[in-house]
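Architecture and fold: a report
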Protein chains: 2
Amino acid sequence: MGSLDKFPRPSVTVDLVIFTIADDALKVLLIRRGAEPYKDCWALPGGFVEIDESLEDAAARELQEEAGVTSVYLEQLYTFGDPGRDPRGRVISVSYFALVDADRQRIRAATDAIDARWFSVFDPENSRKLAFDHKKILDYAVWRLRNKIEWTTVGYELLPRKFTLSELQRVYEIILQKPVDKRNFRKKVLAQGKIRELSETRKDGAHRPARLYSFRKK
Amino acid sequence: MGSLDKFPRPSVTVDLVIFTIADDALKVLLIRRGAEPYKDCWALPGGFVEIDESLEDAAARELQEEAGVTSVYLEQLYTFGDPGRDPRGRVISVSYFALVDADRQRIRAATDAIDARWFSVFDPENSRKLAFDHKKILDYAVWRLRNKIEWTTVGYELLPRKFTLSELQRVYEIILQKPVDKRNFRKKVLAQGKIRELSETRKDGAHRPARLYSFRKK
DNA sequence: TATGCTTCGTGTACTTTCTACACTAAGCAG
DNA sequence: CTGCTTAGTGTAGAAAGTACACGAAGCATA
């Protein structure tokens, strides 16, 4: 491998912005750092890329280890590599964002003794400083998510397999932080042809039952 | 820096997809590799990230070294890091794409004894195999460029400071590989308000002179 | 100086998409 | 049976996008 040895190598990590919807809000999973630097600060989950695993595999592995979820929507975001972003040395971070649906959002219990919590993204209370440049990464991820749901159908990834149109609309309103017109919304998503009407309805105990839909895969 | 040492580190490179318009075609700059692996194959210009320079700086430096241009449009594309993409070992590549305008597209002469050439992107003749996974990177860059010019104004980055609307239209046609309606195109770009009509015209020697425009910075 | 050639530059009618907006239907509780 | 709450539906106007043809300007040359 001769020629590669001429260059000092940076460390490479993956960092994950894991979103979910809960309590009528967009949430991101953060873990509290147990060691320096930024000890006791909240940070995005992440870790070093193993020498023989792909970046995507590393991201999926961290997702499993830190959030206890598997096979969810996962997409590479951006690579942050300014010297000085980590006081320990040169660390380049390949960031990913993941969407976890309401069904699986149980955080892996604190078996790893990691202190993990979902934080509301838009709660000004939570614009506390994150470790490293993670605030920048999070902001970028939110920007990307907002764009994405306007042009694609990733919104469904945040809902259980069966959902009502009102629930889907609420997801859009939460992410975009603005009200959405009910009739136009339904017209638009149905026209996309990506969701299938089911014969079941959801009776949430009160009022008129809502028809259930499911995402039409592929 | 203790804790970083526990993990073997990959090498990190930046690879550049440098586009320009020349000879009525979209071109990409490739360099012929002088060493193994892929000796004598054509490859995207790129190189290792120095331990104390940012990724963007590394990309700008390579752009200067290999294409001899500076201060052009430069944007991070995607990070490719599959194990095995480089036979020498684990190499993670952060790819960038750059747009070089017609004014500056002189390739730095072969002072570095590098053999560099512009290749037509859509010429099937040139779908020869590139080194490493560079074909994949190039394809992704083309896809991104096509999306980008439809929603933004980066098209101007490929033209000299003063240009005619016909020239701009031709850039779009070349990139999208389809004809564009003249009147609708003019309506659209003028409505964007990003270009300013100049008082000069271009007399290319024959026929009716065309009005010149320039890009309205910021 | 008239004719032909080539590129420049412009407007309108039609279609599609987006936006705003209000009432009836279904089920439950009392 | 009445009242409350959420589900579900259509239409008219505005805006954006698409298709399409001809006169104007300059040059060449007969």
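See the structure printed just above.
Please read all numbers here as calculations on a predicted model, not as lab measurements. (Residues numbered from 1 in each chain as written. Chains lettered and ligands numbered in written order. Predicted model: local features only at pLDDT ≥ 70, side-chain atom pairs only at ≥ 80, totals over all residues. Heavy atoms only, no water.)

**A look at the interface of chain A and chain B**
Between chain A and chain B, the residue contacts involve 30 residues of the former and 30 residues of the latter. Summed over both partners, the interface of chain A with chain B buries about 2800 Å², with 63% contributed by carbon and sulfur atoms. The interface formed by chain A and chain B holds zero salt bridges in total. One can count 12 residue pairs in polar contact (both at pLDDT 80 or more) joining chain A with chain B. Within the residue set of the side of chain A that touches chain B, elements represented by two or more residues are β1 (11-22), β5 (73-80) and β6 (91-99) of chain A. Along the lines of polarity and charge, the residues of the side of chain A that touches chain B split into 16 nonpolar, seven polar and seven charged. (Contact = heavy atoms within 4.5 Å. Buried area = accessible area lost by both parts, 1.4 Å probe. Salt bridge = Lys/Arg side-chain N within 4 Å of Asp/Glu carboxyl O. Polar contact = N/O pair within 3.5 Å; in protein donor to acceptor, adjacent residues only side chain to side chain. Helix = DSSP H or I, 4+ residues; strand = E, 2+ residues; numbered from the N terminus. Nonpolar A, V, L, I, M, F, W, Y, C, P; charged D, E, K, R; others polar.)

**Observations regarding the pairing of strand β2 (residues 25-32) of chain A**
Residues and elements named next belong to chain A. Of all eight residues in β2, seven are buried, a share of seventy percent or more. Looking at chain direction, β1 and β2 are connected through four bridges and run antiparallel. Note that in β2 the partner of F19 across the bridge is V28. The hairpin formed by β1 and β2 contains two residues between the paired strands, and D23 there has a positive phi angle of roughly 50°. Across six bridges, the pairing between β2 and strand β7 (residues 115-120) is antiparallel. Across the sheet, the residue bridging to K27 is S120, located in β7. (Buried < 20%, exposed > 50% of the residue type's maximum accessible area, 1.4 Å probe, protein only. Pairing = 2+ DSSP bridges.)

**A look at the protein's contact with DNA strand D**
Around DNA strand D sit 19 residues in total, of which K182(A), R186(A), K187(A), R211(A) and N184(B) are the nearest. What you see for DNA strand D is that sugar and phosphate hold 39% of its atoms within 4 Å of the protein. At 3.4 Å, a side-chain N or O of H207(A) approaches a base oxygen of DNA strand D. Secondary structure elements with two or more residues in the surface near DNA strand D: α4 (182-191) and β10 (210-215) of chain A together with α4 (182-191) of chain B. (Near = heavy atom within 4 Å.)

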